[in-house]
Amino acid sequence: MITRQVQDHAQTLAGKGELPAFVYDLAALREHTAEVKAALSAPGAPEIFYAAKANPDTPILQALAPYMDGIEVASGGELAHVREALPDARLAFGGPGKTDDELRQALALDVERIHVESPYELSRLADIAQTAGREVDILLRLNLAGDRSGVALAMSGPFGMDPELIESCTDILTAAPHVRLRGIHAHLASGLDASAMVAQSTEILTWGRAWLDRIGHTGPREFNLGGGMAVDYSTPETRFDWKQYGADVAALAEPGETLRIEPGRSISVYAGWYITEVLDVKKAHGQWYAVLRGGTMHIRTPVTKQHNHPYDVLTRNGDGPAVAGEPVTLVGQLCTPKDVFAREVPTNRIAVGDLVAFSMSGAYAWNISHHDFLMHPKPTFSYLDSQ
């Protein structure tokens, strides 16, 4: 639900001609993240590394830092950005296709863990670490087949190593004194509720423990169980059950193990709004359309997720075209029929000059979008903080 503070700020931005805009509520972000941290406080509960890819804005990272155990990055660009924003943060570096320069950068910037995606990447990292005279701690990324039916996104194919391929890492590790295997990383799917996440975590732990036992791995073990906690755009009030997940996954931990997760969307999505204004209202072939300033080149989420993005209309009582009591499709300014925020949604009334505030825009919004298509102006950015 949009807060009065965000509504008032939206009106201020409209008055100054600074729409479209992304508006982030940092106090709400802290409150939500503190609740997540509290739910994962039992003995054996996993550490939390925020996935920076969800939203890497510096104010977002700095607001999250007190509640996160670390940050997960997935490119050299993210690594440099996060290290500058949070100089003392613990960092994990994942993602396929790491270059040699990025691996050297990871060593230079004191990344705590590198998630290795293939035997070839492991061999290159071993050579780089030896040349640099640096020890490096790694997790091997596991790709289990399993049943991923019904998930929002299955991370199969090129991500990580299947059980057959991961076997070829053992000889490389034996010949690489500068590389220390700490355990297993796996991010298998996204869009899972708490029960499904726990079941997936059990699957990862069962395979990972057996494999580490078989290769004779001694000492403390780490299991990064990935992210993918469900976010429901159709019912914004529905949240992932962190309390259930925290209790159930903590019960899976065995002595001497460190569990870790890397949520992104489920952490920052609720703290952001994309706010714009209605430019035109018209009817075509029996269907009403509201054309909004901006578009999905700013917030690609509705297109990628194929959903109606949740929103509020902030009435401004203009005297332009309007429609009331009819389903309306909300579109942007792009020259493509795919530039749709929400399709045939019920709206009491919407008119030219009204503001539309799309909630759940704090993750995978601006940073995943095709900003320069049609070269419209970029949005503005605001960070509200009542602290």
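Our structure's up above, just so we're on the same page.
Residues numbered from 1 in each chain as written. Predicted model: local features only at pLDDT ≥ 70, side-chain atom pairs only at ≥ 80, totals over all residues. Heavy atoms only, no water.

*Asks:* Before we go on, may I ask you to explain the packing of aromatic side chains in this structure?
*Replies:* Geometry of an aromatic ring pair is reported as the spacing of the ring centres plus the angle between the planes. Here the structure, examined in full by the defined rule, presents 14 aromatic pairs. Between Phe240 and Trp242 the ring centres are 4.8 Å apart and the planes differ by 70°, which places this aromatic pair in the edge-to-face class. The residues Phe240 and Trp242 share a single accessibility class, namely buried. An angle of 70° between the planes, with centres 5.6 Å apart, marks the rings of Trp366 and Phe381 as edge-to-face. Taken together, the residues span a long stretch of sequence, with Trp366 in the loop between β17 (355-358) and β18 (380-384) and Phe381 in strand β18 at a distance of 15 residues. A residue is classified by how much of its surface remains accessible, and Phe381, at 31% relative accessible area, is partly exposed. Site record: aromatic cluster; members linked through ring pairs are Phe22, Tyr24, Tyr274, Tyr311, Phe341, Phe358, Trp366, Phe381 and Tyr383. Note that Arg239 overlies the ring of Tyr270, its terminal NZ or CZ placed 3.6 Å from the centroid. (Phe/Tyr/Trp six-rings, centres within 6.5 Å; stacked < 30°, edge-to-face > 60°. Buried < 20%, exposed > 50% of the residue type's maximum accessible area, 1.4 Å probe, protein only. Helix = DSSP H or I, 4+ residues; strand = E, 2+ residues; numbered from the N terminus. Lys NZ or Arg CZ within 6 Å of the ring centre and 35° of its normal.)

*Asks:* Can you walk me through the environment of Pro255 in this structure?
*Replies:* Examined against the element boundaries, Pro255 turns out to sit in the loop between α10 (242-250) and β11 (257-261). Look at Pro255 and you get exposed, because its relative accessible area is 85%. Along the primary structure Pro255 and Cys335 are separated by 80 residues, whereas in three dimensions their C-alpha atoms are 58 Å apart.

*Asks:* Help me out: how do you make sense of helix α6 (residues 119-132) in this one?
*Replies:* Think of an α-helix as turning once every 3.6 residues; residues three or four places apart then point the same way. When the terminal C-alpha atoms of α6 are compared, their 20 Å separation across 14 residues agrees well with the 20 Å that a helix rising 1.5 Å per residue should span. Turning to α6, its buried residues number three or more, namely Pro119, Glu121, Leu122, Arg124, Leu125, Ala126, Ile128 and Ala129. Lining the buried residues of α6 we find α5 (100-108), β5 (113-116), β6 (136-141), α7 (163-166), α8 (169-174) and β8 (179-185). At the exit of α6 stands Gly133, carrying a positive phi of roughly 65°. (Expected span 1.5 Å × (residues − 1). Contact = heavy atoms within 4.5 Å.)

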